[in-house]
Amino acid sequence: MGPESLEAKQKAAIEEILKAYPEKAAKNREKHLGVGSPNDETQKTCGDVRSNKKTVPGVMSQRGCAYAGSKGVVWGPVKDMIHISHGPIGCGQYSRAGRRNYYIGVTGVDTFVTMNFSSDFQENNIVFGGDKKLGKCIDEIELLFPLNNGITVQSECPIGLIGDDIGAVAKVKAKEIDKVIVPVNCEGFRGVSQSLGHHIANDTVRDYIFDGKLNIDTSDVTATDYDVAIIGDYNIGGDAWSSRILLEEMGLRVVAQWSGDATLKEMALTPKVKLNLLHCYRSMNYISRHMEKEYGIPWIEYNFFGPSQTIKSLRKIAAFFDESVQKKCEEVIAKYQPMIDAVIAKYKPRLDGKTVMLFVGGLRPRHVIGAYEDLGMEVIGTGYEFAHDDDYKRTKEEIFRSTVIYDDVNEYELEAFVKKLQPDLVASGIKEKYVFQKMGLPYRQMHSWDYSGPYHGYDGFAIFAQDMDLAINSPVWAHSKAPWEQEG
Amino acid sequence: MQEIEKIVNGKDLFKRPEYQDVLANKKQFESSMLAINPAKVAEVQAWTESWDYREKNLAREAITVNPAKACQPLGAVMVALGFEGTMPYVHGSHGCVAYFRSYFTRHFKEPTPCVSDSMTEDAAVFGGLVNMKEGLKNCAAVYKPKMIAVSTTCMAEVIGDDLMAFIIAAKEEDGGEYLPAEYPIPFAHTPSFVGSHITGYDNMMHGIMSQLTEGQQGEKKQRINIIPGFETYIGSLRSVKTIVEAFGTDYIMLGDHSDQWDMPAGQYEMFQGGTKLDDARDCINSSATISLQKYATSKTMKMVEKRWKHAGGFSNPVGLKGTDEFVMKLSELTGTEVPQKLKVERGRLVDAMQDSYPYMHGKKFAIWGDPDFLIGAVSFLLEMGAEPTHVLCHNAPKGWEEEMRAMLDTSPAKDSLNVWAEKDLWHMRSLLYTEPVDFMIGNSYGKELMRDTGTPLIYIGFPIFDRHHLHRYSISGYDGALNLLTWITNKVLDQLDEDTKGIATTDYFFDLIR
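In this text, all values refer to a predicted model and were calculated from it rather than measured experimentally.

A. Region of the structure containing the overall build of chain B. The helix and strand tally for chain B stands at 22 helices and 13 strands. For a compact globule of 514 residues, the expected C-alpha radius of gyration is about 24 Å, and chain B comes in at 25 Å, within 12% of that figure. Viewed in the frame of its principal axes, chain B has a C-alpha envelope of about 75 × 65 × 55 Å. Going through the 514 residues of chain B one by one, you find that 62% of them count as buried. A separation of at least 24 residues holds for 72% of the contacts in chain B among residues at least 6 apart in sequence. Summed over all atoms, the accessible surface of chain B reaches about 19,300 Å², with 52% contributed by carbon and sulfur. Mean positive and mean negative side-chain charge positions of chain B (52 and 69 charges, respectively) differ by 1 Å.

Shown next, in the form of structure tokens:
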């Protein structure tokens, strides 16, 4: 199929899909759907889609909320702090241990990531306020979990509506227990998606970790010229570890991981690094920019999905340092090349020409395109739950051909796009997974790596290739049709 | 580095020496105690296992740690998905709906449709009327459900949105284009800060039953309504229907999500099965209503008994005794003798119980879950001579603790059997350390307890995220009790093998035949 006809087919699909909506909703959704064209200079964002706007009510969006962005994404993985889900019981329960932020520690004793601490609001807390209860929660935590290095208060919807002052409670209690207490006003109704929660959480890192008073000793770590921090890697399935190993092999010292397997001390050490390495731009560009402005630390974006992008990124990072690092960088690339060649030789013939439709969150809708291309696969549609214009601008640089772009796609649209464009693989989240599997389509969860991973770095790419092969070439998809239904 | 012939994921990758070095090297930058002072970690860990810690832990008044309950709208979503072509619609912010859908989907490994009207800051200030008007219209246009069942998040409840007024206003403004006047949009207020997911179940069931039946009252019919309650075992719904059908009586199961969350592969249709809306409208004219979960339907059943004057009442068909009572109730209501088929099934169950009893008798169990599940499951443990040492219900409604205590008091071991109402799973951790048991019965949240205390976990409950297909089975009726018996007995036997497999040390007891 030529590029024109593909583009025409994609545009027709969008037009068709919009017909189901009432007028106002159709007008709104039209702006969020487009066809991205790598060579079209007139496109301001990929496909000229609009983003980061309010979701159309009633359409089954896949988006989450600000609380999810703060507690679930940014703060939750910080392992030696306790994160209180402040409000009714549900939010903390539904988000408990769902993101696979790996860490090392004795859970419940000195680390707390997979646990659920909730202030479990009752009606009287809504009527009379919950500040007193929050204070008591902090006292009880301090008594029963004495090795915590600090507490964050992750506000659920009611907190901002009933006029509680969690900042005041945090201030008083922090003095009492001599530990940092971070009040986060990440109520779920704020903003239009997880995205504002990331921003709010980043701001509280600035205010309470960088500008706050920490009862934590960092003097034993002396800064070196090779210090870097990994920013925006949540160590899902161990991603940050399979990234860190490459950086260390090329002679850099990774002082901090933000925030997968992170500790308070690592965060406190970060303002002294030489370079911030930003993986998930969307969720942590704010704090990176702040560190640039305040401490003069430059930051660069990198992409450790698939060998092509990994090599490009390793060289980009090395170029920032001296020749010794650059030399080691080339050695690292050379060391892993035979393994990568073997992975591609093994899997590319099995995956070549297969098409993929993606719908994920922060960075993956663009970052994983190269990894699929390395395996000979083509991404024919992609979109973000909660991106902004700058994400869609960056996406333009990653696409190789005419690609359907769908922002904040809902259940109806994604299903319709898949039916019309017939990809060989759909890669998205848990809510969508079984819809497509029912249709007999191979599927991979690309938030949680479908309980596998890591996918970052060279070792991660081998797993990625194996998992995509497993999904696409499994015999189970052939069983959907009964023998008495087969043609001929 | 990966070896091409044996690519491994994180489970084995990080055990390799090069990664062990990476992890060890990272410790120099860490503030977690394990990195700085492992001895301190060991000391505190040991303290968390002590009676001293238990007392302080049980004295907690404010913080909840590792809960065993969820919030109201989750239950409302379950109710909605049990009715024909019905879209659950949650009025409030959309993050909640993303959570409900993920939570159910992870448990059932099935899609969970549900929409929200995506309220944000402006709705918090001005109310969510605009969202409701647009949301109902869009939902009807795009998904074409036969009914939309509206519940609320805590945001909408705190600002006090009036669902009934909003729905009427939405229909009026739409002028019948997408939302005709007769379009069924039942609703229920489901504040997350009151009760738990079973309260939400009750409120939504009450909403649907009371609103769909308005003006429908007519001639009473010889027919039984069955309300399953917050039932997460798909097989249980089917077992119950099979039992009722054995009596040859006409019946309506109100809220039957057994097809919705158990769709065959081949194609995807958003809605499958469910109570027919015509049946739901007519359920007021049945002669009896039986609720299988007392604590999950108290408000609904009050309406049915007081206003509708239905016979029936509660009957919890989990375990032998529970199923017997259910069968006898049906026999009484239908005036029919217990069918031969059920007599044979009962006989087979009792036969199996008599085959396996030595392995459950006297074994100590810790168990947690929803109040009605616990009534049935604990009854079964007692029927087998087991000792439910710790029975914990985080979302225990009024009256549950007394009912459970009375049940435990029928056991010869009653003095060592404890009821823990409104406690959480961090409390349970202390209980397991200080008064250990042989086995735990509970949901996936028990796996951290299994790791910490070494107590084997038998997966029965909700949610179960990390074991597959258990929800497809039944835990109700005689066949369901047989499943409970099989799961528990075989876990006991697995553990017996585990404890005796030491070569040349303990394997004299590693018997081939048990």
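B. Just the environment of Ala201 of chain A, in detail. Residues and elements named next belong to chain A. Turning to its location among the elements, Ala201 is positioned in helix H9 (residues 194-210). Take Ala201: its relative accessible area is 0%, and that puts it in the buried class. In this structure the C-alpha to C-alpha distance between Ala201 and Met284, which are 83 residues apart in sequence, comes to 9.2 Å. Those residues in contact with Ala201 that sit more than four places away from it in its chain are Ser70, Val74, Trp75 and Val184.

C. Main features of the pattern of salt bridges. Inspection of every chain in the model, using the stated rule, returns 70 salt bridges over all chains. Between Glu110 of chain B and Lys438 of chain A there is a salt bridge, and its shortest N-O distance comes to 2.8 Å. With one member in each of two chains, Glu110 of chain B in the loop between helix H7 (94-108) and strand E3 (115-116) and Lys438 of chain A in helix H19 (residues 430-438) form a pair that bridges those chains. Summarising the burial analysis for this pair, Glu110 of chain B and Lys438 of chain A share the class buried. The network of salt bridges with common partners includes Lys79, Asp261 and Glu266 of chain A together with Lys26 and Glu30 of chain B.

D. Fine view of the interface of chain A and chain B. Contact residues are listed per partner, giving 117 residues for chain A and 99 residues for chain B. Summed over both sides, the interface between chain A and chain B buries roughly 9,200 Å², with carbon and sulfur atoms accounting for 64% of that surface. It is Met60, Tyr94 and Lys438 of chain A that lose the most area in chain A upon contact with chain B, and together they represent 10% of the buried surface on that side. Along the contact surface separating chain A from chain B lie ten salt bridges. A salt bridge links Glu411 of chain A to Arg101 of chain B, with the shortest nitrogen-to-oxygen separation between them at 3.3 Å. Here two bridges tie strand E3 (residues 117-118) of chain A to strand E1 (residues 64-65) of chain B, and the two strands are oriented antiparallel to one another. Bridge pairing in E1 of chain B places Phe117 of chain A opposite Val65 of chain B.

E. Layout of the packing of aromatic side chains. Within this structure, the stated rule accounts for 39 aromatic pairs over all chains. Taking 4.6 Å as the distance between ring centres and 10 degrees as the angle between the ring planes, the aromatic pair formed by Tyr336 of chain A and Tyr458 of chain A counts as stacked. Taken together, the residues span a long stretch of sequence, with Tyr336 of chain A in helix H14 (residues 323-351) and Tyr458 of chain A in helix H20 (residues 457-472) at a distance of 122 residues. Here Tyr336 of chain A and Tyr458 of chain A have matching classes, each one buried. Here a set of aromatic residues connected by ring pairs shows up, and it is made of Tyr67 and Tyr94 of chain A together with Tyr99, Phe100, Tyr103, Phe104, Phe108, Phe230, Trp261, Phe462 and Phe465 of chain B.

F. How the structure looks around the sheet that holds strand E4 (residues 150-155) of chain A. Judged by pairing direction, the sheet is mixed, and its five strands sit side by side in the order E5(A)-E4(A)-E2(A)-E3(A)-E1(B) without closing on themselves. Looking along the sheet, the strands with just one partner apiece sit at the ends: strand E5 (180-184) of chain A together with E1 of chain B. Where helix H3 (residues 66-75) of chain A meets the sheet, its contacts fall on strand E2 (82-86), E4 and E5 of chain A, and the angle it forms with E4 of chain A comes to roughly 155 degrees.

G. Main features of the packing of helix H13 (residues 234-246) of chain B against helix H16 (residues 319-334) of chain B. Residues and elements named next belong to chain B. H16 packs onto H13 with a crossing angle of 35 degrees between their chain directions and a minimal axis gap of 10 Å. Like other packed secondary-structure pairs, H13 and H16 cross with a definite hand, here right-handed. Contacts between H13 and H16 involve Val240, Ile243 and Val244 on the former and, on the latter, Thr323, Phe326, Val327 and Leu330. Of the residues belonging to the contact of H13 with H16, the class tally is six nonpolar, one polar and no charged.

H. Expanded view of the sheet that holds strand E7 (residues 253-259) of chain A. Residues and elements named next belong to chain A. Reading across from one edge, E7-E6-E8-E9 is the order of the four strands in this open sheet, with parallel pairing throughout. Sheet topology places E7 and strand E9 (299-301) at the edges, where each strand pairs with a single neighbour. Direction aside, the axes of adjacent strands within the sheet are offset by 25 degrees on average. Of the pairings in the sheet, the one linking strand E8 (residues 275-278) to E9 comprises three bridges and is parallel in character. Bridge pairing in E9 links Leu277 to Ile300.

I. Inspection of the pairing of E7 of chain A at higher detail. The buried count for E7 of chain A comes to seven of seven residues, which makes it a mostly enclosed element. Chirality of the crossover, the property in question, places the unit of strand E6 (residues 227-233) of chain A, helix H10 (residues 239-249) of chain A and E7 of chain A among those that are right-handed.

J. A look at the pairing of strand E8 (residues 311-314) of chain B. All names here are of chain B. Pairing of strand E7 (residues 286-291) with E8 involves four bridges; the strand directions are parallel. The partner of Ala288 across the bridge, within E8, is Ala311. Read from E7 through helix H15 (residues 298-307) to E8, the crossover connection turns out right-handed.

K. Up close: the environment of Phe210 of chain A. All names here are of chain A. The topology assignment puts Phe210 in helix H9. Looking at Phe210, the relative accessible area reads 12%, which means it is buried. Considered as a pair, Phe210 and Val109 are 101 residues apart in the sequence and their alpha carbons are 26 Å apart. Discounting chain neighbours no more than four positions away, the residues touching Phe210 are Val205, Trp258, Met267, Pro271, Ile287, His290, Met291 and Tyr295.

L. Seen up close, the nonpolar core. Of all hydrophobic cores here, the largest spans 234 residues; its most connected members are Ile317 and Tyr372 of chain A together with Trp400 of chain B. Looking at which element gives the most residues to this core, the answer is H14 of chain A, with ten residues. Leaving out residues up to four positions away in the same chain, Ile317 of chain A has contacts with Leu247, Met250, Leu252, Leu275, Leu277, Ile300, Tyr302 and Phe304 of chain A. By size, the runner-up hydrophobic cluster in this structure holds 52 residues, among which are Ala13, Ile380 and Tyr443 of chain A together with Met270 of chain B.

M. Representation of helix H17 (residues 340-360) of chain B within the structure. Residues and elements named next belong to chain B. Taking 1.5 Å per residue as the helical rise, H17 with its 21 residues ought to reach 30 Å, and the 29 Å between its terminal C-alpha atoms agrees with that figure. At Gln354, H17 shows its strongest bend, of approximately 40 degrees, with the proline Pro358 following within four residues. Regarding H17, the residues found buried are Leu342, Leu349, Val350, Ala352, Met353, Ser356 and Met360. Where H17 is buried, its residues meet H13, H16, strand E9 (364-368), helix H18 (371-383) and helix H22 (477-500). Phi for Gly362, located one or two positions after H17, is positive at around 75 degrees.

N. Quick peek at helix H20 (residues 425-434) of chain B. Burial of H20 of chain B is extensive: ten of the ten residues sit out of reach of the surface. Every buried residue belonging to H20 of chain B is among Leu425, Trp426, His427, Met428, Arg429, Ser430, Leu431, Leu432, Tyr433 and Thr434 of chain B, and all of these are buried.

O. Summary view of the side chain of Arg444 of chain A. Residue and element names in this part refer to chain A. Summarising the element assignment, Arg444 is placed in strand E14 (residues 443-445). The exposure class assigned to Arg444 is buried, which follows from its relative accessible area of 7%. Polar side-chain contacts of Arg444 include one of 3.2 Å to the backbone oxygen of Trp449. Once residues lying within four places of it in the same chain are set aside, the contact partners of Arg444 are Leu425, Val426, Ala427, Ser428, Trp449, Asp450, Ser452, Tyr455, Asp467, Met468, Leu470 and Ala471.

P. Structural detail: unusual backbone geometry. Put simply, Gly453 of chain A and Pro454 of chain A share a cis peptide bond, and its omega is 5 degrees. Along the chain, Pro454 of chain A falls in the loop between E14 and H20. A cis geometry characterises the amide bond from Phe462 of chain B onward to Pro463 of chain B, with omega recorded as -5 degrees. Inspection of the secondary structure assignment puts Pro463 of chain B in the loop between strand E13 (457-459) and H22. The phi angle at Arg100 of chain A is positive, at roughly 60 degrees, despite the residue not being glycine. Inspection of the secondary structure puts Arg100 of chain A in the loop between helix H4 (90-94) and E3. Owing to a relative accessible area of 14%, Arg100 of chain A belongs among the buried residues under this scheme. Not every positive phi belongs to a glycine, and Lys309 of chain B is a case in point at roughly 55 degrees. Examined against the element boundaries, Lys309 of chain B turns out to sit in the loop between H15 and E8.

Q. Structural detail: the environment of Asn473 of chain A. Residues and elements named next belong to chain A. One can find Asn473 in the segment after H20. Separated by 195 residues in sequence, Asn473 and Leu278 place their C-alpha atoms 34 Å apart. Of the polar contacts made by the side chain of Asn473, one reaches the backbone oxygen of Arg350; its length is 3.3 Å. Here the side chain of Asn473 touches Asp469 through a polar contact of 2.6 Å, side chain to side chain.

Thresholds, definitions, all that
Residues numbered from 1 in each chain as written. Chains lettered and ligands numbered in written order. Predicted model: local features only at pLDDT ≥ 70, side-chain atom pairs only at ≥ 80, totals over all residues. Heavy atoms only, no water. Helix = DSSP H or I, 4+ residues; strand = E, 2+ residues; numbered from the N terminus. Rg over C-alpha atoms; globule rule 2.2 N^0.38 Å. Buried < 20%, exposed > 50% of the residue type's maximum accessible area, 1.4 Å probe, protein only. Contact = heavy atoms within 4.5 Å. Areas by Shrake-Rupley, 256 points an atom, 1.4 Å probe, with all protein chains shown as cover. Lys, Arg positive; Asp, Glu negative; His and termini not counted. Charge placed at Lys NZ, Arg CZ, Asp CG, Glu CD. Salt bridge = Lys/Arg side-chain N within 4 Å of Asp/Glu carboxyl O. Buried area = accessible area lost by both parts, 1.4 Å probe. Pairing = 2+ DSSP bridges. Phe/Tyr/Trp six-rings, centres within 6.5 Å; stacked < 30°, edge-to-face > 60°. Axes fitted to C-alpha atoms, helices over the stretch in contact; angles between N-to-C directions. Left-handed = near helix turned anticlockwise from the far one by under 90°. Nonpolar A, V, L, I, M, F, W, Y, C, P; charged D, E, K, R; others polar. Right-handed = clockwise from strand over helix to strand, strands pointing away. Core = buried A, V, L, I, M, F, W, Y, C linked by side-chain atoms within 4.5 Å. Expected span 1.5 Å × (residues − 1). Bend = angle between axes of the 7 residues up to and from the residue. Polar contact = N/O pair within 3.5 Å; in protein donor to acceptor, adjacent residues only side chain to side chain.

Interpretation in functional terms is not warranted from these geometric data alone.
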